[in-house]
Amino acid sequence: MLSGNEIRKLYLDYFKDKRQHTVVESSSLVPDNPTVLLTTAGMLQFLPIFLGIQDCPYDPARATSCQKCARAGGKDSDIENVGRTPRHHTFFEMLGNFSFGDYYKKEVIPWAWEFVTEVLKLDKDRLWITIFETDDEAFEIWRSIGVPAERIKRKGKKDNFWGPPGASGSCGPCSEIHYDLGEQYSCGHPNCGIDTCECDRWVEIWNLVFTELFQDEEGNQSPLEKKNVDTGMGLERITMVCQGVASTFETDLLKPIMDEVSKMSGVPYKKSEKTDISLRIITDHARCVTFLISDGVIPGNEGRSYVLRMILRRALRHGKILGMDLPFLYKLVDVIVKHYGEAYPELVKNKQKVIDTIKAEEERFNKTLDRGYKLLDEFISAKKDIDGESAFRLYDTFGFPLELTKEIAEENGLKVDEAGYKVAMQEQKDRAKAATAKISVTGDIKYANLEREIGSTEFVGYTENECSAKILGIIEGDGYVDVALNKTPFYAECGGQVGDSGIIEDAKGGQEIKLEVLTTFKVNDLYVHRCKVINGDDLIGKEVVAKIDVARREEIRVHHTSAHLLQAALVKVLGDEVKQAGSYVDENRMRFDFTFPRAMTADEIVKVENIMNAQIGEGYKIETQVMGIKEAELTGATALFGEKYGDTVRVVSIVKDGECISKEFCAGTHARELKDLRLVKIVSESAIAAGTRRIEVFVSKAALEYLNEKSSELDKLSTKFKSHFNEVVERVDKLTDENRELQKKIEKLEEENARNKFSTFISKAQDIDGGKLFITKVAVNANAIKVGLEFLSNKLGDSIVVLAGETTVAVKVSDNFIKRGVNAGQIVGEIARATGANGGGRPNFAQGGVKDSSKLDEILAKVENDIKSLAPVS
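Residues numbered from 1 in each chain as written. Predicted model: local features only at pLDDT ≥ 70, side-chain atom pairs only at ≥ 80, totals over all residues. Heavy atoms only, no water.

Another aspect to go through is the confidence of the model for the protein. Mean pLDDT over the protein stands at 89; residues scoring 70 or higher make up 96%. Low pLDDT (under 50) marks residues 433-443, which in the prediction has 10 contacts with non-local residues, meaning those over four places away or in another chain. (pLDDT = per-residue confidence, 0-100. Contact = heavy atoms within 4.5 Å.)

Set out below in structure tokens:
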């Protein structure tokens, strides 16, 4: 019996050795194309060649590959079927062979038949062929190689015609090879057949796509100059057929993982359909998240990061169904890497990163999982559909992806208000946008009317620092005026780069009109200059000269270029998982947000900074090109994921002698060459959210000023310590150690004083039913309260001790009182809230803050009475 690994090798070797194909490694699950969420097909990495934008590098013009694929989000996803059917997956491997204008039907059809019947030795009597209903050429070729006519079925466009992928593009008929698993898997319908039924009996194992036509937007089709072949055979499916099992989960590609899940959970496979579904889901999802994280995706709330989080948390939920405690999923990485590491060595390299990322996400979800279930249980118990607001709360507060909420609801016969969920999601985005917007005008009718009246602004700022212009419109503000020109050199705030400032004045040097431009922003394609009026009135229609603050622009330029340089250096040091998540650029600094699961080490920060500074001195130039979005995507330029781009984009490259170290979609202004940056200094690296880091960088003048300031402060310390600057750290460490020792002595004395003070309180404890009660206000610090609490609790035995100071309250409760309903956390919470602060904790011990200590007498008296009602004075 052939193993899955052997089938993969047999396929690639057949097309390499016997059919002269170049074997091409699988591309990443994160495609270069910014418009595509995940790699979903083997042909995706060859798309530039198929479209004729890139020359074919293979001789002859044919290739073969085994491509990692993921279909877990977007329109291609059918994640709800994964685990519930024998052969749906979020991750799969696609074997494929491709012809770029080389061979066609008469070659590839016999090759495919030869491979499945002679190499894999599948029973010909179990093989069936489907072709497009009008593809007589394919019919004749299948007949010529011995396939009986009755085993060749014609089907319509829905089943056997591929493309175009959009409104227009290449397309063509396809031939599919199907395998009959046998009557025991039939649905039992009397007309069950390959051309009439989609039950589990029939398995499509290979799709041969013949792209021979071009379809325009009106639906008209014309022959392509070059005909291409694109085939795909799912490795899991063909392995299932070769190994004689009825489910891909029972093949040697997935069974070792599922066996491990069964072992961890103590739940055997085929015990019940319900537990089998959970076992299959965990098995599939563990494999998928392992490959996704290895290829650089991290859990998050947008795009492919959301897809990863969604399938990971779906697996965790099914682990809970099987009785497993979180974290558990990360333990499956070992078995996955063991079975896939040889074919995909990146898994071995990234194994620890995968384990750490999964475990961190499990621990994060574990904190809110039970509380989310509690909210869901309220709906399930009441048999009430889940409203959109609650579905959004489950996502936003408890980390339940919408898909997970829908799945749980459907299992319990409930529905989810998806439209209401989307409304709640949008409302939150609008609130966040309003809270962070510096200038919020896009929704203002005045600006919309102005844009409609005067149209767009011609921007000349990439090449000009000043230009003649005409004032077309103004909007009066509180102490300012917003000015619209027909033409401007002022860059409008966009893509993280701040807007330009400068002067708008008349041709006479501001004698009649002079406006100080404070900033510039855009409303669609209308540039708006926010100005302080120095001279002038009746401005509309006046001819002016618009001049940017060149010195400020130059500093903005170099800081923006540093963002591109930084991203390239981060990828070089940290790996391909680094993806930009946002940026901010002004004349004083550059802030860069990126996806990465952990803090950078000091050595990594130094490496990144050294790479950037070395490149500054190596003569790299900055080049810009304006091109169509499709052409730009195929150059390999990096785009900000989720960003919306127009039909035409600007691509900024950093190059030298044909070497390109950075290529990005970018509308910002940039240095002309890297040496303009002079110097780069990373001043901070920190977390801004789970899986997202932020680096702040100073460049050029700002970097020099920063280093000069640090040097000046170091000189002051050197003078103070009467030491050379390189001895200052040693002197500070010595002082710190001495201070720490003194602090320990002080704390020891304070604790001793506290114990002496509190020993006088023992006799003041009240006798209550079950033990002692001590509740009082004390004039000691927080540490002394903690010491006193422990001391009194130990001395009094079974007791309730409540101590409240100027800033702190702490409570300790013995087990016998807890059983009677006394709860330390509740007591602290009540006292803290009464004083305007917060606090809480466990039933046996809790502490909190005190804000208004004047309220303590009143609340302590109330608490004392409440305690005595539970445990009366004896």
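As a further point, take the packing of aromatic side chains. On inspection of all chains with the given rule, the structure shows 34 aromatic pairs. Judged by centre distance (5.0 Å) and plane angle (85 degrees), the ring pair of Y14 and F15 falls under edge-to-face. Across the pair, F15 and Y14 agree in class, each one buried. Considering the side-chain rings of Y103 and W111, the 4.7 Å spacing of their centres and the 70 degrees angle between planes classify their relative orientation as edge-to-face. (Phe/Tyr/Trp six-rings, centres within 6.5 Å; stacked < 30°, edge-to-face > 60°. Buried < 20%, exposed > 50% of the residue type's maximum accessible area, 1.4 Å probe, protein only.)

Take the nonpolar core next. Counting residues in hydrophobic clusters, the biggest one holds 113 residues, and the most contacted among them are L122, W142, I205, W206, L329 and F400. Of the residues forming this core, the biggest block, nine residues, is contributed by helix α12 (residues 351-381). The contacts of L329, once residues within four sequence positions are left out, are I282, A286, V289, L312, A315, L316, I358 and E362. Ranked by size, the runner-up nonpolar core spans 35 residues in total, among them L570, V608, I661 and L677. (Core = buried A, V, L, I, M, F, W, Y, C linked by side-chain atoms within 4.5 Å. Helix = DSSP H or I, 4+ residues; strand = E, 2+ residues; numbered from the N terminus.)

Another aspect to go through is the side chain of N228. Here N228 shows up in strand β9 (residues 221-234). From its side chain, N228 meets the backbone nitrogen of G101 in a polar contact 2.9 Å long. Filtering out sequence-adjacent residues up to four positions away, N228 remains in contact with F50, S99, F100, G101, Y104, V209, F210 and T211. (Polar contact = N/O pair within 3.5 Å; in protein donor to acceptor, adjacent residues only side chain to side chain.)

One open sheet holds the four strands; their spatial order is β18-β19-β24-β23, and the pairing between them is antiparallel. With partners counted over all chains shown, the strands left at the sheet margins are β18 (579-585) and β23 (680-689), one partner each. Across the sheet, the mean angle from the axis of one strand to that of its neighbour is 20 degrees, orientation sign disregarded. In this structure, β18 lies alongside strand β19 (residues 590-595), joined through six bridges in antiparallel fashion. Bridge pairing in β19 places Y584 opposite R591. (Pairing = 2+ DSSP bridges. Axes fitted to C-alpha atoms, helices over the stretch in contact; angles between N-to-C directions.)

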